[in-house]
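Survey of secondary and tertiary structure
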Amino acid sequence: HYTLQELKKLDFGYSKKGFTGEQIPTLDEVLSLCKNTIALNIEIKPGAVQELVNGGVEEKCVELVYYHDMEKHVVFSGFDPRIFLNLRIIDPDIATAVLYDGRYYPENLKPSQIVEHLGVDAFNCSTRELSAEWMDDLKGADIPVNVYTVNSEKAMDRFLDMGASGLFTNKPDMLIRVLRRRKVPAFIERFYQVT
């Protein structure tokens, strides 16, 4: 319900000490900031998806990713299966990961079947959803699985022990400590330039 100009006037850091005056970034600004530094997961929300491919949000996002030369450092994710149909038309080589939402799939469908059906590269799910059975299915099909949102060391260790390929967290400093403690530097360096 707001224009970008109106959103840019809002203070998104008002509640955090040291971040007062922080503006919401555009995707263009985020890509510019992150180039050559960090890989990005760009989640396309279901409300943004339309039936049209040309000129839709997916095409605009892919164009920005290529403009910033970030296509090898970005994965597109989302809940709505139409996102992946549109992305496959726009660029069949762009990396994609389904965000699992049971409302979109029959209950008896395995995660590997969802990945195969959508033609995506990875499976993302919440900490509540990932079971040993799902992990066995995904590992058996050699499909990367990323878990969200993992904000405690105990949970990070648990999901890494299960074989998670990646973790979404609000505490990247904690995750880096856990990975260093576990001596998994290659995992860190895939996502961060560690100095």
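As for the nonpolar core
Counting residues in each nonpolar core, the largest one holds 44 residues, and the members touching the most others are V74, F76, V98, F123, L130, F159 and L167. Among the elements that take part in this core, helix α7 (residues 153-162) stands out by supplying five residues, more than any other. Apart from the residues lying within four places of it in its own chain, the contact partners of V98 are G78, F84, Y105, I114, V115, L118, V120, A122, F123 and N124.

As for the pattern of salt bridges
Working definition: two side chains of opposite charge can pair if their charged atoms are close together. Taken as a whole and judged by the stated rule, the model has ten salt bridges. D101 serves as the salt-bridge partner of R103, at 2.6 Å between the closest nitrogen and oxygen. Note that D161 and R182 form a salt bridge whose closest N and O atoms lie 2.8 Å from each other. Here D161, found in helix α7, pairs with R182, found in the loop between α8 (172-181) and α9 (185-191); they are 21 residues apart in sequence, far enough to count as distant. Taken together, the salt bridges that share partners define one network made up of E153, D157, D161, R177, R181 and R182.

Structural notes on unusual backbone geometry
Glycine aside, residues mostly have negative phi, and peptide bonds are mostly found in the trans state. Although it is not a glycine, N36 sits at a positive phi angle of roughly 65°. By the element assignment, N36 lies in the loop between α2 (27-34) and β1 (40-43). Phi at D142 takes a positive value of approximately 55°, unusual for a residue other than glycine. Looking at the element boundaries, D142 is found in the loop between α6 (132-140) and β5 (145-148). Classification of D142 as exposed rests on a relative accessible area of 70%.

Regarding the state of the cysteines
Should the sulfur atoms of two cysteines be covalently bonded, the bond is a disulfide. Here the structure, examined in full by the defined rule, presents zero disulfides. Cysteine C34 remains unbridged, with the sulfur of C61 as its closest cysteine sulfur at 14 Å.

Details of the packing of aromatic side chains
Within the structure shown, the criterion is met by six aromatic pairs. Consider the rings of F123 and W134, whose centres lie 5.6 Å apart with planes at 85°: the pair is edge-to-face. Here W134 lies in helix α6 and F123 lies in strand β4 (residues 122-126), a separation of eleven residues in the sequence. By relative accessible area, which is 0% here, F123 ends up buried. Cluster of aromatic residues (ring-pair linked, three or more members): Y100, Y104, Y105, F123 and W134.

How each quantity is defined
Residues numbered from 1 in each chain as written. Predicted model: local features only at pLDDT ≥ 70, side-chain atom pairs only at ≥ 80, totals over all residues. Heavy atoms only, no water. Core = buried A, V, L, I, M, F, W, Y, C linked by side-chain atoms within 4.5 Å. Buried < 20%, exposed > 50% of the residue type's maximum accessible area, 1.4 Å probe, protein only. Helix = DSSP H or I, 4+ residues; strand = E, 2+ residues; numbered from the N terminus. Contact = heavy atoms within 4.5 Å. Salt bridge = Lys/Arg side-chain N within 4 Å of Asp/Glu carboxyl O. Disulfide = S-S within 2.5 Å. Phe/Tyr/Trp six-rings, centres within 6.5 Å; stacked < 30°, edge-to-face > 60°.

Everything listed here is a matter of geometry and, on its own, says nothing about what the molecule does.
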